[in-house]
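# What the coordinates show
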Amino acid sequence: TVTDGNMPLPGVNIIVKGTSNGTVTDFDGNYILSNVPTDAVLTFSFLGFTQQELNVDGQSEINVILEEDAAALSEVVVTGYSSQRAVDLTGAVSVIEMEPIREASMSSGSPIQAMQGRVPGLFVEKSGNPTGSSNRILIRGVNTLGNNEPLYVIDGVPTVRQEVFSSINPSTIRSVQVLKDASASSIYGSRASNGVIIVTTTDSMRGEELSISLNSNFSVLSEKQQRYDMLSSQERGRVLWEASVNDGSDPNAGYGEIYDFDWNENFNNPELNNITIQPFVGGNTDVPAGNTDWQDNLYETGYVVNNDLTVSGGSDKAFALINLGYLENSGILKYTGYERYSAKLNSNVKLFNDKVKLGVNSQFYTSKETLASTDLGGGPTPSLGVNLAPTIPVFTASGDYAGPLGSGYSDRNNPLYMQYINRWDNTDRTTIFGNVYAEIDLLENLTFRTSLGIDHSQTGIRDVEPRVSNGFITRNINRLTEVNESFTSLIFSNTLNYQLDLDKHKFEFLLGTESIDNNLETVSASAQDFAVETDSYFVLSSATGQRRSSGTVSGDALFSQFGKINYGFSDKYLASFTLRRDGSSKFGANNRYALFPAFTLGWRINNEAFLRENEKISNLKLRAGYGVVGNQFIGDFARFGLYEARYGPNQHRYAPALFSEWHNIGTAYDLEGNSSGNLPAGFVSVQAGNPDLKWEETKEINVGLDFGFFNNKLAGTFDFFSRETEGILIQPPIASAVGEGRLKWINGATTRTNGWELSLAYSNSSENDFTYSVSTNFGAFKDEITSLPEEARTSYPGTAQNSIIGQSQFSIFGYRTDGLFQSQEEADAHPTGGAQIGNSRPGGIKIVDINGDGVINSDDRDWLGTTLPSLEYGVRIDLGYKNFDFSVFGSGVAGRIGVDPYIFYNNFVPGRENAGPGTLNAWTPTNTNTEIPSLSLVNNFTETSDYIFRDNSYFKIRNLQLGYSLPSELIENWAGMSNLRVYAQGENLLWFTPSGYIGSDPERTNIDLIPNPTVYSIGLNLNF
Amino acid sequence: CSEDFLEVEPTGVVSSENVTTAENAEGLVVAAYAAIGNDNIAGPITNMWVYGSVRSDDAYKGGGGRGDVGAFDRYENYTLTIPDAGEEGTPTTWSLYYKAISRANVALRTINEIPEEEYSEKQQRIAELRFLRGHSHFMLKLLFKNIPFISEDLSDEEILETPNTIPNNELWDIIADDFLFAFNNLPQTPDQAGRANRNAAAAYLAKLRLYQAYEQDDQHQVININEEKLQEVINYANEVTGSLEPDFANNFLPGYENGSESIWAVQFSLDDGTDIGRGSYATGLNSPTGNALYGCCGFHQASQNMVNAFKTDNSGLPLFDTFNDSDMTSVENYGSIDPRFDHTVGFPGRPFKYRNTVDESGDMIYQTSWARDPGVYGVYSNMKEQQAPDCSCWKKEGPFIATSVNYRFIRYADVLLFKAEALIQLDRLDEALPLINEVRERAAASTTRPLQAGALNIYNIDTYESFPSKEIALKALKFERRVEFGMEGWRFFDLVRWGEAEEVLNAYLEEEKDERDYLSTAHFTAGRDEYFPIPQREIDFTGGLYEQNPGY
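Here's a quick rundown of the structure. (Residues numbered from 1 in each chain as written. Chains lettered and ligands numbered in written order. Predicted model: local features only at pLDDT ≥ 70, side-chain atom pairs only at ≥ 80, totals over all residues.)

## Here's the deal with the overall build of chain B
What counts is decided by this rule: Secondary structure elements follow DSSP: runs of H or I no shorter than four residues count as helices, runs of E no shorter than two count as strands, and numbering proceeds from the N terminus. For this measure, only C-alpha atoms enter the radius of gyration; the expected value for a globule follows 2.2 Å times N^0.38, where N is the number of residues. Comment: burial labels come from other C-beta atoms within 10 Å of the residue's own C-beta, placed from the backbone, where a count of 20 or more is buried, 12 or fewer is exposed, and between is partly exposed. Note that contacts rest on C-beta atoms placed from the backbone: two residues are in contact if these are within 7 Å.
Each helix and strand in chain B was counted, giving 22 helices and 13 strands. Against the 2.2 N^0.38 benchmark of 24 Å for 552 residues, chain B shows a C-alpha radius of gyration of 23 Å, consistent with a compact globule. Oriented by its inertia axes, the alpha-carbon framework of chain B measures out at about 85 × 55 × 45 Å. Here chain B holds 552 residues, and the buried ones make up 61% of them. Of the contacts made within chain B by residues no fewer than 6 positions apart, 70% connect residues no fewer than 24 positions apart.

Here is the structure:
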């Protein structure tokens, strides 16, 4: 019998050393091996355990206890249609340890959010949405000018939908790998240019017949730490007075309806006696002026409840796993929330003497979400929470929601009211994802696998717009819009796998084909005039007014053939060659197919004779690879010249922008002069054709070194990469005279990215049951646009003389500033013109005359930096003592600039909106030691400059966790429990920023979004 | 098998071969009409309130401070020295006109290929399309002067090689050719009210020849007035049949659309099955703010100068040279005004849009608090483009407001005054006098609605007995255009045509800056500010083919 000291181990390979005679343990860990010479040596090997050799010494029964090999746990790595031993890997592949991120995944409901900062070369930008969706996920920075989202391959089924991965409960995830370089990912060919994240869920048992595990997490969410300080009503009055007087305009004329300014009316020597807040907003006695902290009213403490239960069991012939999960996030922004039910079923059975394996891996989830909404004019509530004037009260005296009234206010609504009226808005998402497969051992070492996968999602969006009366902003028509989106992707893949061992030569062959068929259908309907405004009455049929409907159908198909050869010699020299041929419906017959080759070489130096005896070096491997991958992220019908019957859409449907909702672009026209009713309509060109459109290609070189010292106590990986993307698919703008709908897709630009990644970990244990480990990761890259068609340059910052060529696509182009003018003389002596006009005043911002021509104009702009960090890093420390475990994880970024939105409010006075307390410290002749310019309502230098875009490097303590596992002696008595761990954790706890940074959370770069909250949670993991 | 699998045909769209057929020809014509109304709030192509009114002495930008739609502030203050970047303002307007031109050209290319026997409307539709193409080119020319002319025979590649360097006079003639074709081939009364007709073509020719008559040099200065063109103005004006509405107000109210005074108008509609209704969104920001009836956003506010211009003397005639000597800040104190004042300007204490209440919900007497940012832009508003909120022609979409009331590009009053202007320039003062008086008589008869809404009757308007000199006749003509078309969006173009933009506008700014601090540094630069710069991106997209206008 073979055990792990506790439970029997099935599937252990036992071989008589030096022969091909061997067997495998059965489900109870038992094995029988005949024809064994009495002096033979038996080799016991099992994945994740240290290999053991035992002398038979004539024994007839040999019981073995295998020891877990911690370093080898992640040893087999799924690399796409096949798996490989980690030690044989030659591409840049990061294996993500699930264990440390399990709890952070539970509190956010999203494993991908929990990975932030933990994997070198994986950049994750979070959003504060209760859905746990991330804003941006980049592998090795950016690669193309369009979509940079990676491909997810979950149990062999590809998808670009991040949410599918997010919905998998972490307890069922066996492994996650990130294929970073083109040599590793080229097996996914045309879909791999942004990198590939491979997720494998549990599909077999190890050592147990039945396992039940329960994970439970309860979290409390708060955004208090991420808030911006804003002025009180009284303070705002003072700031408005000072700014008006500085501008030479009468404050009572501008803001007299909000404040009564009692001052000496002497612009040369202004003195303020007193400010009284006018008692009523807009003079309406029902609306007493308030002193509202909008953030305080808009946000509340949020709660997340996340539970998941897994039951798995099986034998060596069959396996089944059922996982159920429930997540609820009450949302920190009032009237928002997210709820998700998820289920997973993985099952397989072996037939015909284990020669055939049939199985299914599936994931189901359904969710509901209500997120931040916008006000009637499209202003998002999170930003209104920051900047709405404090004198507007939340409620009127008669208990209604108050809004702006009278002159002096912005045309923005009460954000709490906007959240309230949108409380019936809801998005339902239901997904069925997974595959059925069969694996057939045709011959020894020759396996055929066929898999039919599906990625199907159904999205229903419900948008209820009740009538609104909010101060002077009203909506007198109510409306309901329902949108249904159905997406189906069918993936059929077939592979043949053959392994050949010829003495010291090991070969592995893979051949396969894959076809992918994607379809997307949307239907949208809306109706207006509902007699009753209740949630249940808002159904389309109840409306009595105008109705509209629209719908689209779109799709694309991919067909691919691929092959791979892995070769190993004597466990020292490794090579691999991959070739994939992809055809896409998005391209015309001439350019439909493309070949994506890759090859890699590896040298396991530690297996060389000269190092074998070295006790310090336990692992050393040099890798090098080159690969080509493609990209086809363009519209399904990008190559065609197309006309559409656009009856009456607004521009917003195609390109949301300021005022686009009110921009008709349709073909319907009231030729009869009836002023209403159905209109005659026609057709309009929407796209010019390009039959020569072809794939975008990325070529990448990767060189890496894996190392381990002192029995792998110190281990790490270093990778350097350089890649170039050519023929980037862009749709450059064209001269307007060419006319409407004449844009076309072309293969235009080229980008180059260089970078490196390093991960380094040290772990050790000492006497007294104390274990500790430190792991770090670093990732750095620099991207630049190396060529861009002339006509596309104006879509990017820069000028003809100083273009974006040679810069990152995320570079910021703007003015440099040099402090404040301390006197009018100093201002007069400084060059002026352009943006400097109006700022040439005492306390005004000094703009640097970069080209030294004595005039400030738009030629004085230069490249200020990029908004993507050049370096990301993370540090994790784990400590264990007896049954306690403690970990702290922090990560940060360096070498980037970012717009700090708070500067617009804290350092300047926006006339209609509230300002931050920085304005109280503005420059005045008696307060000169400040960076806040003298206040002005009209001359605020808010153009792109280094005053706005500042270094926003940071280091954040992201996760702190303390756990306690109850002693196994104790819990064994509790219905055979095998593990019970309780833990407490905190997330997004504190951060360190450079001195010039004035905002709150440095990751909060957009006030239109809900901030990322600080999270405190408690939870338990329980296993039977 | 795999080849078929990868043939995924587009859905819900048609290829260019399938769309350019006789069956679809009518639809392509409708689409070309639709394009002339496909406005953008920040890049209008119908109502020229930004480009013609705010840029003149008629009005201020308004809105929530100078930064609110900053491009418009640059136009108002003539601080646009480098072409607009981004989408706001002229870049959008430029591109929307060319979109409209391309729709007309797509339809023309299609229809040209269809034999007449298969398509009996062929000639009429070609004439309509050329009229529409002429309209967009004409508007572009008013704004940018040096523009590429795009005809239907040009391919995409050829368009990219079409320069904007046609000499000024020649370009007028090329645009005029489209209107001439329309004039010769359009019916006097079309089958549908919204279609271009012979009347509209004649009026447009009169308008175009009038602009062309004032010949400009490369620095936009008027160097000669061409008498032949003036005669053409008279000839075409005589071809226009129409009459003035009995009440001035009818031009700005529903129920009179496509009536006798409406010569060429864009058709607006609401509740028409489109996403937001094809209403007048170009003026969507221009409703009064601060009152619950309207709500947003207080743009396009009458200037003090505009208000003063409505003052009349004891004999009911305008104060040509002295109107701006004192400010009319309350009508009660002044007591003698042109009735068109109450059709043009929202003024404290006066009924707004001929009303005193809207149901029980609100008081329609204009209040100081209806102004959004009085500290910057004062308290007066526009009125012609507004409707009462209880009108079925009125709609609030989000915060912005549209009406279904058509915007008249050319009213019959315009035709009368085009003709009068040509006559005066040709020294035929006696023939011009009755035309101007016809307009004034109608104004005098337009007091019923404001009075019924409770306006204090301080109206005093009369006709001219005679024009003692050409100089006085011209003053009368110019003043008449100002008060007749006040805030309708044409004032700036009139001033440029007459060659007096610099003189009038700098004098205006000199006075107006005392009222409005924000105008204190504004200055009109002759030789530059008459026209907008060609949008920089268009120059870039054509590899520098377009020549930039002088001064930019």
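After presenting the structure, the write-up continues.
## Quick word on the overall build of chain A
Along its length, chain A carries 13 helices and 49 strands. Its C-alpha radius of gyration of 32 Å places chain A within 12% of the 31 Å reference for a compact globule of 1024 residues. Reported as C-alpha extents along the three principal axes, the dimensions of chain A are approximately 110 × 70 × 65 Å. Intrachain contacts of chain A at a sequence separation of at least 6 include 67% that bridge at least 24 residues.

## Re the packing of helix α16 (residues 412-425) of chain B against helix α19 (residues 470-484) of chain B
All names here are of chain B. We count it as follows: Fitted lines through C-alpha atoms serve as axes, helices being fitted only where they are in contact, and the angles separating the N-to-C directions of these axes extend from 0 to 180 degrees. These descriptions rest on fixed angle ranges, namely under 35 degrees for roughly parallel, over 145 for roughly antiparallel, 65 to 115 for roughly perpendicular, and the rest for oblique. If you view the pair so one helix is near and one far, a crossing is left-handed when the near helix is turned anticlockwise from the far one by less than a right angle, and right-handed when it is turned clockwise. Three categories are distinguished: nonpolar for Ala, Val, Leu, Ile, Met, Phe, Trp, Tyr, Cys and Pro, charged for Asp, Glu, Lys and Arg, and polar for the others, with Gly belonging to the last.
Here α16 crosses α19 at 165 degrees, and the two axes come no closer than 10 Å. Considering their axes alone, α16 and α19 lie roughly antiparallel with respect to each other. Every pair of crossing elements has a handedness; the one defined by α16 and α19 is left-handed. Contacts from A413, L417, A420, E421 and I424 in α16 reach K470, A473, L474, L477, E480, R481 and E484 in α19. Here the contact of α16 with α19 is composed, by residue class, of seven nonpolar, no polar and five charged.

## Some thoughts on the environment of B:L132
Residues and elements named next belong to chain B. Tracing the chain through its elements places L132 in helix α7 (residues 122-144). Overall, the presence of 26 C-beta atoms within 10 Å leaves L132 in the buried class. A sequence separation of 198 residues divides L132 from S330, and the C-alpha atoms of the two residues are 44 Å apart. Among all residues touching L132, those that are not within four sequence positions of it are A32, Y33, I36, A100, A104 and A196.

## Focus: α19(B)
All names here are of chain B. The criterion, for reference: In this analysis, the expected span of each helix is defined as 1.5 Å times one less than the number of residues it contains.
Under the 1.5 Å per step criterion, the end-to-end length of α19 is 20 Å for 15 residues, consistent within 8% with the ideal 21 Å. Listed in full, the buried residues belonging to α19 are A473, A476, L477, E480, R481, R482, V483 and E484. Buried positions along α19 lie against α12 (304-309), α16, α17 (429-444) and α20 (491-498).

## Looking at the interface of chain B and chain A
Many analyses report the size of an interface as the accessible area lost when the parts associate. The condition is simple: By this definition, two strands are paired if DSSP reports at least two bridges between them.
Taken together, the contact between chain B and chain A spans 94 residues of the former and 91 residues of the latter. Class assignment for the residues of the side of chain B that touches chain A results in 40 nonpolar, 34 polar and 20 charged. When strand β33 (residues 642-644) of chain A meets strand β1 (residues 14-15) of chain B, the two strands line up antiparallel, connected through two bridges. Among the inter-strand pairings, A:Y643 is bridged to a residue of β1(B), identified as B:V14.

So far we have only geometry, and geometry alone does not tell us how the molecule works.
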